[in-house]
Amino acid sequence: METVLISPAKAWFFFIPTWIFSFLIPVAGVAVFTYLIALRLAPLVRAAPDRRFNRIPERLRQVLKIWLGQWRHPRYMLAGVLHIILFAGFLSLSIRSSQMVILGMVDGFVFPGFDSFIGAAYDILRQIMATAVFVVVVVAAIRRGIFKPARYAVPAQYGKDHTVEAVFVLALIGTLMVTEALFDSSLAAAAHQKGMHAEILVPMSLAWIFARMLAATPAESLQTLHLVSYYLHDLTFFFFLCFLPLGKHFHVITSIFNVFFMRLDKGNVKPVRHGVADDKLDDLESFGVKQIDDFTWKHMLDFYSCADCGRCSDNCPANAAGRPLSPRFITIKARDQIFKSYPVYPIGAPFTKSPPLIGGIYSEAEIWSCTTCGACEEECPLGIEYIDKIIDLRRGMVDDGNVPQSLQKPLSAIEKRGNPWGKMEKKRADWAKNKEFAADCEVKLVEAGDTAETLYFVDSITSYDDRMQKIAQATARVLTTAGIDFAILGKEEKDSGHEVRRFGEEMLFQDLRSHNTEMIQESGAKRIVTADPHAFNALRKDYKDIPPTEHISQTILRSIQEGRLRLKPVDSEGKIYTYHDPCYLGRHNGLYEEPRQVLDTISGLRRVEMTRSRDRSFCCGGGGLMLFYEPEEEQRMGVIRVKMAADAGANVIVTACPFCLVNIEDAIKVAGLEGKMEAIDLVELIDQHAER
Amino acid sequence: MEILVCIKRVPDTSENEIALNSAGNDIERDDLVYSVNEWDNYAVEEAIQIVDRVGGSVTVVTVGDDESEEVLRREMAMGANKGLLLADDAFAETDGRGIATILKAAVAKGTYDLILTGALADDGAGQVGGMLAAMLDYPFASVVNKIETVNDKTLKIGREIEGGNQEISEISLPCVLSIQTGINEPRYVGIRGIRKVASVEIPTLAAGDLGLDAAALAPKVKRLDYFVPALGKGAEMLEGSTEEIIAKLLEMLKAKGGLK
């Protein structure tokens, strides 16, 4: 039987059979790739432990949704859709690519089962996908190289632009698609010329277009093109494989693992060291992350997996406010450091001892700038985490005594007095003793021996801040109106320690936790309610062995649904409300709907949504100790947020967190919107509208 | 360099509401929280930084009672190598000169190249450093805000003088320096640091160990009275909520031309 063209498995190059090249290229490629992967695994083996081999069904679900389903990609529609096509192309073309490699050694090789209709269907699919990938590569290259979306820019302090690497890789992918299509189309064109059976080419596919272009090309040239395109494809394929572990395209390999091992819970904080119980922490030599090898292996895998897409930083409020923090570069700088400490032989000395991170690749201000709002983690399509890393770095700084003076005072006050202002413990319940308030609302005090089913955990800011005490009073009145029997701990309550822990002072947090836990248990309460999302998150995620905790918005909604709380129609004309999601209520605890439902039960209330709402809510500036930190910034996050509310057409910002209220009320003044914009806490609004 | 830093446990002014007791001879001490005197904290940080640069060790010493051990431990958690507690019932009623006498006796028990004190204490009179130097017959410089080690015999020290000018002097060792706040940024002492030194033995010396008798410590300055001064002319206490106070203050500042 006459062959159409000689295949790479049977051809000769001078006196050498080309199958030798077809054999040597993969062997060399796989050998180099294996070496690189071993090199990349080395730091992971030496890293801190992490507990990620648990909850396998949940992890598999994440892989299906976030990796295979590319769930987070369409949050950026154009880039997301382009990526989904590329990703689908990579997955579907992996079979063809493997077949191509073997075709160079075994003429006419097909995978078992592919000699049936499955193979025929696959051939159509792969041609469509290859064409789609090629189109995406062109669009992506134009986008990256000419339009240059802002989020890919590299600010001067973070090094050189990354466009060249991005476009180079797009060129590699394009080359793979083109050479594979040429391999097919040269064969098809030759078959056509000889009137022999040719493979079906999908109209308008790359191979179909090339075959038409090659219709009149002489057979000898087609033969050369057939072989050259094969080996170009082979070389590009293995070059690309070995190029992956050297930069941001490592995610092609690591993403499935990174998503499998990604964090499953929100709002929690990793233990200081996995496998070390709280009561054994004193025995640890060092706390937190001080140099690159102190990170856990999963955190290092995160560094490898970053695709440099910039979505984290695009959503980071600290970055938006001009603070010296860009989560994207937290990752990229760490990856560069690992690559430097574990260099590809023979460049550099292998396994050098890594320098300290603070003062090295990270600055102190960078690490203190984070409000732990979680916007970056919510967005990352690869499941890279940041909060635990920031906290681990802070733990390292606290351990070295490296804490800004502005934070030392409140920390020491919390240690001595249980609140960051250093106010007297005995005044913690003063808001409840205020004569005017106490005249029509009596608050039970655990410190005075009272007991109740429900414990209202007030926390520091709501207990002591003049303005926020109004939230405490409103909460007490609403609870009373709803017929809920409640008490407060009074001077027995200390700061929940939510930010103490997130600012890296773990041992102080544990002292606060054990004190509060004991007090809560002794109070005999069956449930806890709080109006402070930070306390809410601490009690839910950081505390153990205490009654279930709910946020006041949940209590209010249930009371309304059960008919124990009725609301009057809205009493203010011309007001347009918008709800600002507090980070620790929304993103970290998933309470997006409850506060909105509560607002919507007030008849006549006009409510609009800001563009950034729910899981894309924009942090107001941070709570707890963040109020004391003096950041380097161009503008306040709160001001940006208030302008977003104004853009949405609102003139009342409703929030459900005392820290949001502080920041937003300040920001309204700073933005010069006093009189045009106001802020109110949800529970205050409900208090005003409760029928009594 | 062997450095001795004299520290004092004081009621923390930022975390207490200071009120007179009913007898009117002292402040109400029931609900107070204490900490190391702020100036002393800067002195300890400076001593640690000097030792980090040139070697040696830092000893912190305080005159007090058992409760004073807490501030010694805090400064040891910060990085001081040794603690020394000088405690005796005979020390309780003494005055500034008496404290200097006790410290002088403690200095004689060791060999120190440099002795640091805070420039003053929240509840003090800023007198101990100078008196201690005089009793030891050591050179003394006060309100020091910069220390440079020239060699093991000499230091270069700075002082801020009126108008924000800086004065640099040379002083020979051994000497006594009283340290001004702002000389450095004291490091944070976490709960973990304090726990690490919780079981370190701190030697205690009583009057007998120091060769002191009660007569030498008898106060020559005695407190007669303690009171909140009556409002004088031109002084006014603003009352009301924080916002009302701020509004009034702004109004007054504008009226007096302080704000435009």
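Source: prediction; values computed, not measured.

### Notes on the overall build of chain B
Okay, step 1: Within chain B, the regular secondary structure consists of seven helices and eleven strands.
Okay, step 2: Judged by the C-alpha coordinates and their principal axes, chain B covers about 60 × 45 × 40 Å.
Okay, step 3: Each of the 260 residues in chain B was classed as buried or not, and the buried ones make up 35%.
Okay, step 4: Taking contacts inside chain B between residues at least 6 apart in sequence as the whole, the part at least 24 apart equals 70%.

### Some words on the overall build of chain A
Okay, step 1: Each helix and strand counted, chain A has 28 helices and eleven strands in total.
Okay, step 2: Principal axes of the C-alpha set define a box for chain A whose edges measure 105 × 60 × 45 Å.
Okay, step 3: The proportion of buried residues among the 692 residues of chain A is 48%.
Okay, step 4: Pairs at least 24 apart in sequence give 78% of the contacts found in chain A among residues at least 6 apart.

### Observations regarding the packing of helix H3 (residues 96-108) of chain B against helix H4 (residues 128-136) of chain B
Residue and element names in this part refer to chain B.
Okay, step 1: Their axes nearest at 9 Å, the elements H3 and H4 cross at an angle of 50 degrees. Compared by their axis directions, H3 and H4 come out oblique. Helix-helix and strand crossings are classified by hand; for H3 and H4 the assignment is right-handed. The segment H3 lies against H4, with Gly-96, Arg-97, Ile-99, Ala-100, Thr-101, Leu-103, Lys-104 and Val-107 engaging Val-128, Met-131, Leu-132, Met-135 and Leu-136.

### What to know about helix H2 (residues 56-68) of chain A
Okay, step 1: Burial in H2 of chain A covers these residues: Gln-62, Val-63, Ile-66 and Trp-67 of chain A.
Okay, step 2: Contact partners of the buried residues in H2 of chain A: helix H8 (251-260) of chain A.

### Some details on the sheet that holds strand E7 (residues 140-149) of chain B
Residue and element names in this part refer to chain B.
Okay, step 1: The strand order across the open sheet formed by nine strands is E9-E8-E7-E10-E6-E1-E4-E5-E11, and the pairing between neighbours is mixed. The open sheet has two edge strands with one neighbour each: strand E9 (165-172) and strand E11 (204-205).
Okay, step 2: Relative to strand E10 (residues 175-179), E7 runs parallel, the two sharing three bridges. When the sheet's bridge partners are listed, Val-144 is paired in E10 with Ile-179.
Okay, step 3: Packed on one face of the sheet, H3 meets strand E1 (2-7), strand E4 (57-64), strand E5 (82-87), strand E6 (114-118) and E11 and runs near 145 degrees to E4.

### Focus: the pairing of E6 of chain B
All names here are of chain B.
Okay, step 1: Counting buried positions along E6 yields five of five residues, so the element is predominantly enclosed.
Okay, step 2: Here E6 shows no split at all, with Leu-114, Leu-116 and Gly-118 on one side and Ile-115 and Thr-117 on the other all buried.
Okay, step 3: Here E1 runs beside E6; their pairing, made up of four bridges, is parallel. The partner of Leu-4 across the bridge, within E6, is Ile-115.
Okay, step 4: Looking at chain direction, E6 and E10 are connected through five bridges and run parallel. Paired with Thr-117 across the strands is Ser-178, a residue of E10.

### Digging into the confidence of the model for chain B
Close inspection of predicted coordinates is inappropriate in any region flagged by low pLDDT.
Okay, step 1: Summarising the model, chain B shows a mean pLDDT of 91, and 100% of its residues fall at 70 or more.
Okay, step 2: The ipTM for the predicted assembly is 0.88, set against a pTM of 0.94.

### Comments concerning the interface of chain A and chain B
Okay, step 1: With 23 residues of chain A at the interface, the matching set in chain B holds 18 residues.
Okay, step 2: Where the side of chain A that touches chain B is concerned, the elements lending two or more residues are helix H15 (387-399), helix H16 (405-417) and helix H22 (506-523) of chain A.
Okay, step 3: Considering every element that reaches the side of chain A that touches chain B, the biggest residue donor is H16 of chain A, with eight residues.
Okay, step 4: Class assignment of the residues belonging to the side of chain A that touches chain B gives a composition of seven nonpolar, six polar and ten charged.

### Notes on the sheet that holds strand E9 (residues 606-608) of chain A
All names here are of chain A.
Okay, step 1: The parallel open sheet is built from four strands, whose spatial order is E9-E8-E10-E11. Two strands bound the open sheet, and with one partner strand each, they are E9 and strand E11 (678-681). Within the sheet, the average angular offset between the axes of one strand and its neighbour, ignoring direction, is 35 degrees.
Okay, step 2: Helix-sheet contacts for helix H25 (residues 593-600) involve strand E8 (576-579), E9 and strand E10 (652-655), and the interaxial angle to E8 is about 165 degrees.

### Overview of helix H26 (residues 637-647) of chain A
Residue and element names in this part refer to chain A.
Okay, step 1: Buried residues of H26: Met-637, Gly-638, Val-639, Arg-641, Val-642 and Ala-645, and no others.
Okay, step 2: Where H26 is buried, its residues meet helix H11 (317-320), E8, E10 and helix H27 (658-670).
Okay, step 3: Immediately beyond the C-terminal end of H26, within one or two residues, lies Gly-649, with a positive phi of roughly 90 degrees.

### A look at the domain arrangement of chain A
All names here are of chain A.
Okay, step 1: Parsing chain A into structural domains produces domain 1 (12-248), domain 2 (292-399), domain 3 (418-561) and domain 4 (576-689).
Okay, step 2: Each of domain 1 and domain 2 has a C-alpha centre, and these two points are 30 Å apart.
Okay, step 3: For the side of domain 1 that touches domain 2, the per-class residue count stands at twelve nonpolar, two polar and eight charged.

### Some words on the packing of H2 of chain A against H8 of chain A
Residues and elements named next belong to chain A.
Okay, step 1: Viewed as axis vectors pointing N to C, H2 and H8 meet at an angle of 135 degrees, and their least axial separation amounts to 8 Å. It follows that H2 is oblique to H8 by the angle criterion. Crossing hand, H2 versus H8: right-handed. In contact with Arg-59, Gln-62, Val-63, Ile-66 and Trp-67 of H2, H8 contributes Ser-255, Ile-256, Val-259 and Phe-260.

### Structural notes on the pairing of strand E6 (residues 527-530) of chain A
Residues and elements named next belong to chain A.
Okay, step 1: Where strand E4 (residues 454-456) and E6 come together, three bridges link them in parallel fashion. When the sheet's bridge partners are listed, Leu-455 is paired in E6 with Ile-528.
Okay, step 2: Considered for its hand, the β-α-β crossover made up of E6, helix H23 (residues 533-542) and strand E7 (residues 549-551) is right-handed.

### A few points about the nonpolar core
Okay, step 1: With 196 residues, the main nonpolar core has Leu-455 of chain A together with Val-5, Val-44 and Leu-103 of chain B as its most contacted residues.
Okay, step 2: Apart from the residues within four sequence positions on either side, Val-5 of chain B is in contact with Asp-40, Ala-43, Val-44, Ala-47, Val-58, Val-60, Ala-80 and Leu-116 of chain B.
Okay, step 3: Counting residues in each nonpolar core, the second largest holds 37 residues, with Ala-166, Ala-189, Leu-201 and Tyr-230 of chain A among its members.

### Some details on unusual backbone geometry
Okay, step 1: Here the residue pair Leu-173 of chain B and Pro-174 of chain B is connected by a cis peptide bond, since its omega of -5 degrees sits within 30 degrees of zero.
Okay, step 2: Mapped onto the secondary structure, Pro-174 of chain B falls in the loop between E9 and E10.
Okay, step 3: One non-glycine residue, Gln-70 of chain A, adopts positive backbone phi at about 50 degrees.
Okay, step 4: Within the secondary structure, Gln-70 of chain A sits in the loop between H2 and helix H3 (77-103).
Okay, step 5: Its identity as a non-glycine residue notwithstanding, Asp-545 of chain A has a phi of 60 degrees, on the positive side.
Okay, step 6: With respect to the helices and strands, Asp-545 of chain A occurs in the loop between H23 and E7.

### Here we look at the environment of Ser-186 of chain A
Okay, step 1: With respect to the helices and strands, the residue Ser-186 of chain A is situated in helix H5 (residues 163-193).
Okay, step 2: Sequence separation between Ser-186 of chain A and Leu-5 of chain A is 181 residues, and the spatial gap between their C-alpha atoms is 8.6 Å.

What counts, and where the lines are drawn
Residues numbered from 1 in each chain as written. Chains lettered and ligands numbered in written order. Predicted model: local features only at pLDDT ≥ 70, side-chain atom pairs only at ≥ 80, totals over all residues. Helix = DSSP H or I, 4+ residues; strand = E, 2+ residues; numbered from the N terminus. Buried ≥ 20, exposed ≤ 12 C-beta atoms within 10 Å, placed from the backbone. Contact = placed C-beta atoms within 7 Å. Axes fitted to C-alpha atoms, helices over the stretch in contact; angles between N-to-C directions. Parallel < 35°, antiparallel > 145°, perpendicular 65-115°, else oblique. Left-handed = near helix turned anticlockwise from the far one by under 90°. Pairing = 2+ DSSP bridges. pLDDT = per-residue confidence, 0-100. Nonpolar A, V, L, I, M, F, W, Y, C, P; charged D, E, K, R; others polar. Domains from an automatic or database assignment. Right-handed = clockwise from strand over helix to strand, strands pointing away. Core = buried A, V, L, I, M, F, W, Y, C linked by C-beta atoms within 7 Å.

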